[in-house]
Amino acid sequence: MNRRQWLLASAAAPLALRPILARAAKKGVRAAPVRLHSNENPYGPSPAAQEAMTAAFGESNLYPSSKYRELASLIAQREGLTPDHIVLGAGSHEVLRMAAMAYGLAGGELVTAHPTFEGLGRYASRIGTHVHQVPVTGDLIMDLPRMQRRMTQAVQLVFVCNPNNPTGTITPHQELLPFVAEAAKRAVVLVDEAYFELVADPAFATMVPLVKEGRNVIVSRTFSKVYGLAGLRVGYALARPDIASRLRGFRTDNSISIIGLRAAIAAYQDPAFVTWSRDTIAAEREAIVRKLTNWGHRSVPSQTNFIFFHLGRPIGAFQEAMAAKGILVGRPFPPYMDWCRLSIGTPENMQAFSDAFEEVMSTPSSD
Ligand SMILES: Cc1ncc(COP(=O)(O)O)c(C=O)c1O
């Protein structure tokens, strides 16, 4: 972030968040590598979360069960559910694995889109579940009618990622709601809402109301993205109490540390950081999309802290060339081998990306 950008961003930021910008500016562009490959929040953790972590150091001799209850109660209260509906895990990844075990171990089959977040599908396949992968459409959105047609008798779990990773696209509420409601008559539907807090498009809506209605629906969320706590591993599921209890049967007890729980409790009650992060990231996302469009690279509309754009050359070699310049970009996502997933960083990170991108793209592709 240069001085002018820092002053502009700083003037727009709530007072309590200014230290974050100062820290981001201090890290500087030379804090290589620039991490634009894992969809993290470059501004996190918030000052409030950091303060809570510091306070938790002295409690590290204690098992964290009371903090589990405190965080579950806060989430339940905000969502209009009960703590029995909430399952906490070491990142939402653990929650996805619990679901894979609960519904895939005894010969259950899984229906999922492709490409999508692979945390659940890959694990399910390793434990012997047959996975039906349904390619996304030409517009890179989930092909719900085709997914519906793959619902065999043996399908026990359906995985839907909204917004989807790696594409960043949303499936509008109008289309997703009837699909989930119908599929949930025959199987459990897990809707991964890891990027929920970043979405601004009114066509999107959470599937939590279906949980409230008592349907066979699990919604998963995480503290790793907009809350900026990826390194602490805190995620959760919202589900009907009997489903939640079945999931808990497959969790590792106390897998979240007391520091992670304390930080999540503070972050959850700090809406200013969430809103500011969402808006700052969205502005930077639009800026890089404009630049790429001017350079002739199409991207799909994203509602997340990353974009998926048409690179027009093999991603593997590009990823390596960028890494050699200190910029990490997303891995290959077959079959989109000439597309790139790029996380949104600070203005300074994105300038570093643009500079390296122009250099790399000015040389012919080596494969
Ligand atoms: C869609 C989606 N779901 C789940 C996860 C897992 O995140 P975590 O385990 O950090 O909560 C990610 C991480 O990138 C993701 O993109």
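Since we're looking at a predicted model, the values are computed, not measured. (Residues numbered from 1 in each chain as written. Predicted model: local features only at pLDDT ≥ 70, side-chain atom pairs only at ≥ 80, totals over all residues.)

### Some points on the sheet that holds strand E2 (residues 86-89)
Note the cut-off: The rule for pairing is simple: two strands pair if DSSP sees at least two bridges between them. In DSSP terms, a helix is any run of H or I states spanning at least four residues, a strand is any run of E spanning at least two, and both are numbered starting from the N terminus. For helices, the axis comes from a line fit to the C-alpha atoms of the stretch in contact; other axes are also lines fit to C-alpha atoms, and the angle between any two N-to-C directions lies between 0 and 180 degrees. What counts as a contact here is a pair of residues whose C-beta atoms, placed from the backbone, lie within 7 Å.
On the basis of which strands lie adjacent, the open sheet formed by seven strands has the order E2-E8-E7-E6-E5-E3-E4 and mixed pairing. Each of the sheet's edge strands pairs with one partner strand only, and the pair in question is E2 and strand E4 (131-135). Averaged over all pairs of adjacent strands, the angle between their axes in this sheet comes to 20 degrees, without regard to strand direction. As paired elements, strand E3 (residues 109-114) and strand E5 (residues 155-161) share four bridges and run parallel to each other. In the sheet register, Thr112 faces E5, and the bridge partner there is Phe159. In the packing of helix H4 (residues 65-79) onto the sheet, the strands contacted are E2 and strand E8 (235-239), and the crossing angle to E2 comes to about 130 degrees.

### A closer look at the domain arrangement of the chain
Stated formally: Where each domain starts and ends comes from a domain assignment, either automatic or drawn from a database.
Partitioning the chain into domains gives domain 1 (3-49 + 271-361) and domain 2 (59-268). One C-alpha centre belongs to domain 1, the other to domain 2, and the line joining them spans 26 Å. Across the boundary between the two partners, domain 1 contributes 27 residues, which contact 24 residues of domain 2. Per element, the largest residue contribution to the side of domain 1 that touches domain 2 is five residues, and it comes from helix H12 (residues 271-294).

### Examining the site of the ligand
Inclusion rule: By definition, a residue lies near a molecule or strand provided its backbone-derived C-beta atom is within 6 Å of it. We call Asp, Glu, Lys and Arg charged. Ala, Val, Leu, Ile, Met, Phe, Trp, Tyr, Cys and Pro are nonpolar, and the rest, Gly among them, are polar.
Around the ligand, a shell composed of 14 residues is seen, among which Gly91, Ser92, His93, Thr222 and Ser224 lie nearest. Take the shell around the ligand: its biggest share by element is three residues, from helix H5 (residues 91-104). Counted by class, the shell around the ligand contains four nonpolar, nine polar and one charged residues.

### Observations concerning the environment of Ala99
Inspection of the secondary structure assignment puts Ala99 in helix H5. Separated by 138 residues in the primary sequence, Ala99 and Ala237 have C-alpha atoms spaced 9.7 Å apart. Here Ala99 is in contact with Leu120, Leu157, Leu190, Ile218 and Leu247, once residues within four sequence places are set aside.

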